[in-house]
Every structure is written in C-alpha cells, then in structure tokens.
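# Close look at the chain arrangement
Each chain, written out:
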Amino acid sequence: MTADRERPGPAKIGYEEWNAAFRRLREDIGRGGGGAPLLDYLDTPRCFVELEGDSRLRRLRFDNSPAALRLWSFLLSENDRLAAARREGKKIVGVLKDLGTAPLLAYAAPDVVAFYPDGAWWIPCLMEMSEGLLRIADAAGLGDEVCPVRATLAAFLNRAHFPIPDLLVAAVGACCDDMSCLMQRLADLDVPLIWWELPYRRDGAGPALVPFVAAELDRVRRAVGDLAGRRITDDMLAATIRKANAVRALLARIRDLSYGATPVPFPALETQICEMLALHFCSDLDECLRVLEDVGDEVEARVAARAGVLPAGACRVVWVNPVADLRVMNLFEDAGGALAGTEYLFRHALDPIREDIAPLEALAEAALRDPMIGTAAYRARLVIDEARRYGAEGVVVSGIPGASHSATEGLVIRQEVERALGLPVLEIVVPPVADAAGGQLAARFEAFFEIIRSRRGHA
Amino acid sequence: MAVRAACSHVPRELLEAFGLDASRLIPPGTVESESRGEARSGAAACSWCKSALGSLESGDIWIGGATCDQMRRALELAGRAGGAESYVVGVPKTRTPEAEELFVREVEALAAELARRTGRGLDRDALRRIVEARDRLRAQMRRVRRGLSGSEFTALVHLEERLPAGEMENILDRLPPPAGRPAGIPVLVSGSPTTPGELGWFRLLERAGLDVVADATCTGDRSVDFVVEIAAGEEPLRALARAYFRRPPCLFSRPNDEFYAYAGRLAAGRGARAVVWRSVRGCDICGLEAPRAERLLGLPLLALDMSYADTDSIRVRTRVEAFAERLR
C-alpha cells in the first residue's frame, strides 16, 4: 500500500486525532494496489467504539500510519467476519489453548475458519468492563482467582460476542490450570468438543514426543474433516503450512525491524497485535498476509528513513506475557520504554514450520516447541536469546493475575536473566483494566528505566 | 539416596524396586512450612506446593508428575532451591489408549533415569515382590476402612505413604479392632489432598457431627482403591504403569467424568448424604470444580477454600457447623 500524497511523519496519535485522520487514511488505503476497492472492514475507530462498545480505544494512543489503521480495523472487525462466515454457511472451529497449531488444520479445509474464543480475555479491557463478562464468569464460579481468560466462559454463556463454534478443539496436557478448568467448563456446554493431549516436555524430550502429538493432531484433522464434509489431505495441509510460514516470515521481518532498530519505528501496541495475528490470522489467512505486508512495508520505509515513533534514548526491554490491558503498552512507552523483544506465551507460533517432513509431524514439532509446556527455565532461555538478539537492557515480566504459570515463573525468569546477562528484571501484574494501578505502574516503569539509564552511565 | 514421590501418580513400587528410600512427599500442612515455602515460590502458589517447598530437605530427589501446572512448576522450583533435585514424569490429562501408552513410556523413562542414577538395572523380581506387598497393604487398608473414622483412615494413609511395606504391614497387623464410630451424618470428602497438619480438620468435621465415610482425594480412599495385576508373561513395569494410569483418576483429567463416576460410586456405596469439598488456597483444579461437583454428585455440598492457617479456624468451624445443622 502506498500513499500518493505527502503524509505526516511517524507518530503516536490519540483517539480524536485518529478519527480526524481517518478520511485521508482511508483514501490512501483505497488507492493502494492501483485503485483497489476500499476494504470492507476498514472503519473509523469511533465506529468500533459506538457500534461494538470498544470504549478502551478512546484511551489508547495509536500509530498514525494507514497500515496501522488497517491492522486495527482487521483486528476489531473479527467478530463481524466470523458472523459473515456463519451466514455464508462456513463452519467455525473454536480452538483452545495450543496457540498457533490446530488452526492450521481448520484452514486447510475449504469453508472452515478458526478462531480462539479465549481471545475473549481482551473483551473486558476493550469494553472497559461495560459488557459484564467478568461478573458473569464470577457468577458461574470462575472468580478473581482465575486469570482473565475466564471471560471466555461468560462469552459462551451470553452469546453476545462471537458466533458459537460448530466444534471446539481443546489442547490439554501441560497447560495452565486456569485454561484446563475453563475448557472443562466449556465441555459442559452444548458444543461438540474434541480433546487432544499436548504433553509435558522435559528438556530434550521433545523429539521423542513427535509421533504421539502427530497422532493426536491426526485425530483433530479427522474431526475437522468430518465437520467440513471433506477429508483434509497432507497436500492441503502442506499448502496451509506454506501460507502460515509466509505470515511467520513477515512477522520475523517486522519483529527484527521493530525491535532491532533505533529509533523504534513501530509502537509496542501495534507490534503486539501483529504477533497475535500469527495465532489464527484473525479468521482470514489471505487478508492477514496482506495486512502484515502493509505493516512490513511501512516499518521498512521508516527504518530506511531513520524515522521512529519513540525517542532514540528509550530504554530497550524484552517484554514477557501479553497484557490484559492494552493501555499498559502505551503507559510503558510514555514512561520511556521500548520493546527489544517479546515472549508473549507463543514463541513457537512465530518460528517457521518445517516443510521438508510430513505435515502432521511438522505441526507436532511446532506444537512441542510451545514455551508453556516445558520448564520455566526453557522459557527464560527464550527471553535471554531475545535479549541478546535485540540488545535489550532489561526484562519486564508482566504477570497475569490469577494465571497458574504467573505464580512462579517470574522468579525463574528473573534468576536466569540475572545469571546469564546481568540485566535488571521488573515484575508487574496487569489486570484487565489497569486504570486504578496506572500511577503505581508508571512509577515502577520510571524507577526501572532510571536503573537502566544509570547502568548505561556505568557501562 | 532419599527419593520423595511428590504425586500419587508416581509408582512408588518402582522406586522401591531400585532399593531406594522412597516415600511419598506429603507436605506437613503447617503455617510455618507454608510460610517457608512461600519464600521460595512467591505468594500466588497453592498452599500444598508452598508447604511442600517449605519442607524441602537437602539431598532429597523429588519425583513428581506433570499433573497440575502448579505441581510441575513447584518441582522445578524444588530443583532450583539447592536442597533437592527433581524429575518430572509426564502424566497425560486425556484418558485415551494412546495417552495410556504415553504414560507407560514415561514410567519406562523414569526407570531408565533411576537406573542411570543408581548404576543398576531394574530388578524385575524385586518389582514383582514389592508390587505384591503394596497390593496386600492396599487390600488390608480397604478391609479396615469401614471401621475407621475419617481422621483415623487419613492418618493410616499418611503412614502407608511414608513407611516401607514391611513396617506398614506390622502396623496393620497390630491395629486394634475399631473402637466403634460415633454416629454421625455420613459425608464424602473430596477436593485437594490432605496433610498431617489437617487431621485436626477431620476431627473438626467429626465434632460437628459429620462422619467421613468416604474420601475421594488421593490421600483418602482413592489412594488404595486399585490393584496392580500382572498378567502371566507380562512385563511387570508395563503392568505397573498401566495400573497407575487406570486407577481412579485425579480431578485434573480431561474430561474428568471418570473421577465423578468414581466419587459418585464411593458416595453411594458408603451412604454419604452430603459432600465436603475442600480445596487448598490457590488450587484452581479443585477449587473451581466445586459448582460442577455439586451438580454432578447431586448431593448438598459445602465448599471450603483453606490455607493451612484455616485448619481449625473459627471461620471454617462455623461453616462446618452450619452445614451440619442444615443436614440434620
């Protein structure tokens, strides 16, 4: 996508500025690809606030590029896309937990789309609790002691957010307790559900588990094929893996440019969304590729022009875990931080899937690289690799309230990072709407960045 | 070498067949151990894992299962704390034949690890002998169960989990005949496993007029309700692993229908009129099941969420007494 007229330089803008700029941006996007038709999902941020109730958008700051607007619109319009798929007679598969693997089995089938209902954990943030999902979950027995993913059960109960899937595919095994309990509750609902085992991976034991996991995924493949009314062949799966790898290659390019360049060319919030697209392509694999190509071009152009959205002296850190409140990524950058690597629970979904072996084995291998099914020390090594790759100066472990893995893994990551790299580590906890904790979080970020800056002085 | 089996899914017979001092790690369940463990785990870990970490002894090897997320992470912390080493056995959550075969391979991998550490191979005859001895003990404990109160039986299970088979056999042989149980309202206890520090909690139930006739935790009836059958010509290690997989499963299995089928049979068979569902603080797997348990077991249910400071707290006592009143 290219813009013919001169555009303002890269910057982060607020909600009102974003709405005001929308007309120009929409025209820019429309002209992309030699006068291509306007994208049907592209809409003003105000529209998502007023029609969808995504009021949190009013309090966020966004990248000002057309590519970012397209990215946001693509993300926020997913429920419409799923509803349209249902109207068109497509089958909808809800995938739970495995993050990045089982959706490929669905996308390999014609007329099947997949999404993660557990993505509902962001709804309380986006709608600033106005939707009442956490209250519904609480009444259903999943209270504050459970991670915000409990909003998923509520979204199934009130049926107000996404179409109820035709099939649920639940990865259980070495998953966190919250997800395991949530999945058991969903299994009580009147939705067909297939369990598959994603086993614990002792260090070094992954390869021996590949045949087992491949067989589990084959069961899932047959179930999805039955739903689709057509057998999913290895060739169909291989073609989908190639497309998924194209997404992952684009993400690798965006990550390298965004996390490795100074000044930082693209904001933390938008890079987080880009990474999330790797999981299930926001229900449209082909469009996901185009959205990420746009972002990649934008980021590349900014790096070439040495233009960025953050000051050159920002403190570069690896961020661990996604945040339930998106606004915290703004807060982090406003306090002087910049991303220099991430581990959002799904590093395996960013790595290329092998194309030189049988597709199910390749998917099994990919699933077994899941950072959450092994030791916390393994995950810490991913963080350390990321810090080395992008020259990070510190690590922020963003705990998820109530999440079983968050109870102890921050400690291990801290110890390993300090031992291997001598970098400071900040542990925080981010609730779904962190406004009340905003002052405390800002103060902690600022103190952490002071430490990083003082270390620069001594380096 | 002292080995502690940190989960009931670890076949203790295998550890003993290697001649190891092998007992099950049942945390003390005291406020002191929980506090000490919290210093190693952080505040958000469950009380069981904290108390276990707080009881860490130098030189131990902890062998546990990747059962719940907290347990496997506690094992990792134990291994890092400097006082112990740890080994995690993959315990599948699904209940398919393929999952059973995966568990068999995990137990075989454990046997290989033990052989590496001890420098000797698995003695199959020794394994057969210890399997027979433990089966005899389990059978004896099932026989005496009905004559014992909930607190007495739990104490017996705790002993069995800690002592060598021979010593336990002596205790059971010398067990005096039951003194007669005070009449009470028959209840099933379920949820998290119980610790020695919580025997007082059982007595609290009994004092309130409840009679724990059944206990579906892995420190209750579920710990002895299975038999290891080695078919003629069968590899004893495979038979052992298969039996541990097929024993009444823990709540963490998915789906956990088999657990409820077992608990339902146990409650009906013993005439339980109600359920006391106790979960330790921070345990999602047990705590979040309470609403399902009430529905699936179809009995009045008291849900208690307890740290080890609550064992005999006024809060818990009042709730137990109110529940007992409701049942009268």
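Reading the values: rules and limits
- Along each chain, the written sequence defines residue order, and numbers are assigned to residues from 1.
- Each chain takes a letter, starting from A, and each ligand takes a number, starting from 1, following the order in which they are written.
- In keeping with the predicted nature of the model, local features appear solely for residues at pLDDT of at least 70, side-chain atom pairs appear and are counted solely at 80 or more, and the whole-chain, interface and lining totals rest on all residues.
- Numbering of helices and strands starts at the N terminus; helices are DSSP runs of H or I of at least 4 residues and strands are runs of E of at least 2.
- Three exposure classes are used, all based on how many other C-beta atoms lie within 10 Å of a residue's own C-beta (placed from the backbone): buried at 20 or more, exposed at 12 or fewer, and partly exposed between those limits.
- Once C-beta atoms have been placed from the backbone, residue pairs whose C-beta atoms lie within 7 Å are recorded as contacts.
- C-alpha atoms define the radius of gyration in this analysis, and the globule rule sets the expected value at 2.2 Å times the number of residues to the power 0.38.
- Lys, Arg, Asp and Glu make up the charged group, whereas Ala, Val, Leu, Ile, Met, Phe, Trp, Tyr, Cys and Pro make up the nonpolar group; the residues left over, Gly among them, are polar.
- Residue ranges assigned to the domains are those given by an automatic or database domain assignment.
- The term nonpolar core refers to a set of buried Ala, Val, Leu, Ile, Met, Phe, Trp, Tyr and Cys residues connected through C-beta atoms within 7 Å.
- Any two strands with at least two DSSP-identified bridges between them are counted as paired.
- Convention adopted: a line fitted to C-alpha atoms gives each axis, helices being fitted over their contacting stretch, and angles between N-to-C directions are expressed from 0 to 180 degrees.
- What sets the label is the angle itself: under 35 degrees gives roughly parallel, over 145 gives roughly antiparallel, 65 to 115 gives roughly perpendicular, and the rest give oblique.
- Crossing handedness: left-handed means the near helix sits turned counterclockwise from the far one by under a right angle, and right-handed means the same turn made clockwise.

### Looking at the overall build of chain A
A tally of helices and strands in chain A yields 18 helices and 10 strands. For the C-alpha atoms alone, the extent of chain A along its principal axes is close to 60 × 55 × 50 Å. Every one of the 459 residues in chain A was classed for burial, and the buried ones make up 59%. Within chain A, counting contacts between residues at least 6 apart in sequence, those at least 24 apart form 77% of the total.

### Thoughts on the overall build of chain B
When you go through chain B residue by residue, the secondary structure sums to 14 helices and 8 strands. Its C-alpha atoms give chain B a radius of gyration of 19 Å, near enough to 20 Å, the size a compact globule of 328 residues would have. Buried residues in chain B amount to 52% of all 328 residues. Within chain B, residue pairs in contact and separated by at least 24 positions form 71% of the contacts whose partners lie at least 6 positions apart.

### Quick notes on the interface of chain A and chain B
In many analyses, interface size is given as the accessible surface area lost on bringing the parts together. Taken residue by residue, the interface counts 33 residues in chain A and 31 residues in chain B. Elements with a contribution of two residues or more to the side of chain A that touches chain B: β5 (167-173), α9 (177-187), β6 (193-198), α10 (206-228), α16 (376-390) and α17 (409-421) of chain A. Looking at the side of chain A that touches chain B element by element, the count peaks at 7 residues for α9 of chain A. For the side of chain A that touches chain B, the per-class residue count stands at 18 nonpolar, 9 polar and 6 charged.

### Here's the deal with the environment of D256 of chain A
Position of D256 of chain A among the secondary structure elements: in helix α11 (residues 234-260). Through-space distance from the C-alpha of D256 of chain A to that of Y390 of chain A is 7.9 Å; in sequence the pair is 134 residues apart.

### Comments concerning the domain arrangement of chain A
Residues and elements named next belong to chain A. Under the domain assignment used here, chain A contains domain 1 (1-76) and domain 2 (85-236). Taking the mean C-alpha position of each, domain 1 and domain 2 sit 30 Å from one another. When the residues that make up the side of domain 1 that touches domain 2 are grouped by side-chain class, the tally is no nonpolar, 2 polar and 2 charged.

### Focus on the nonpolar core
Grouped together as the largest cluster of nonpolar side chains are 263 residues, with contacts concentrated most on V224 and V395 of chain A. Here this core spans two domains, and each of domain 1 (1-76) and domain 2 (85-236) of chain A adds at least three residues to it. With residues near it in sequence (within four places) discarded, V224 of chain A still touches V93, L105, A106, A109, V112, L167 and I232 of chain A. One finds M141, L156, V157 and V224 of chain B within the second-largest nonpolar core, a separate group that totals 5 residues.

### Thoughts on the sheet that holds strand β9 (residues 394-399) of chain A
Residues and elements named next belong to chain A. Across the sheet, 4 strands lie side by side as β8-β7-β9-β10; this open sheet has parallel pairing. Only two strands of the sheet have a single partner each, and these edge strands are β8 (337-343) and β10 (425-429). For this sheet, the mean angle separating the axes of adjacent strands, direction not counted, is 30°. Direction of pairing for β9 relative to β10: parallel, over a ladder of 5 bridges. The residue of β10 that forms the bridge with V395 is V425.

### Quick word on the sheet that holds strand β2 (residues 21-24) of chain B
Residue and element names in this part refer to chain B. A sheet is described by the order of its strands in space; here 4 strands give the open sequence β2-β1-β3-β4, paired in parallel fashion. The open sheet has two free edges, formed respectively by β2 and β4 (84-90), since each of these has just one partner strand. Each adjacent strand pair in this sheet contributes to an overall mean axis angle of 25°, direction not counted. The pairing of strand β1 (residues 2-5) with strand β3 (residues 60-66) spans 3 bridges and is parallel. Residue pairing for β3: R4 is matched across the bridge by W62. Seen against the sheet, helix α4 (residues 69-80) touches β3 and β4 and runs at an angle of roughly 155° to β4.

### Here's the deal with the packing of α10 of chain A against helix α15 (residues 359-367) of chain A
All names here are of chain A. Contact geometry of α10 with α15 gives a least axis separation of 8 Å together with a crossing angle of 110°. Classified by the angle their axes make, α10 and α15 are roughly perpendicular. Both α10 and α15 take part in a crossing whose hand is right-handed. On α15, the residues touching V210, V213, A214, L217 and D218 of α10 are L360, E361, L363, A364, E365 and A367. Partitioning the contact of α10 with α15 into residue classes produces 8 nonpolar, no polar and 3 charged.

### Points about the environment of H405 of chain A
Within the secondary structure, H405 of chain A sits in the loop between β9 and α17. In this structure H405 of chain A comes out as buried when scored by C-beta crowding, with 24 C-beta atoms within 10 Å. A C-alpha to C-alpha distance of 8.9 Å links H405 of chain A and C175 of chain A, two positions 230 residues apart in sequence. If near-sequence neighbours (up to four positions away) are discounted, H405 of chain A is found in contact with C176 and M372 of chain A together with D69 of chain B.

### Structural notes on the pairing of β5 of chain A
Residue and element names in this part refer to chain A. β5 sits mainly inside the fold: 7 of its 7 residues count as buried. Neither face of β5 is exposed, since L167, V169, A171 and G173 on one face and L168, A170 and V172 on the opposite face are all buried. Pairing between strand β3 (residues 91-96) and β5: 4 bridges, direction parallel. When the bridges of β5 are listed, V95 appears paired with V169.

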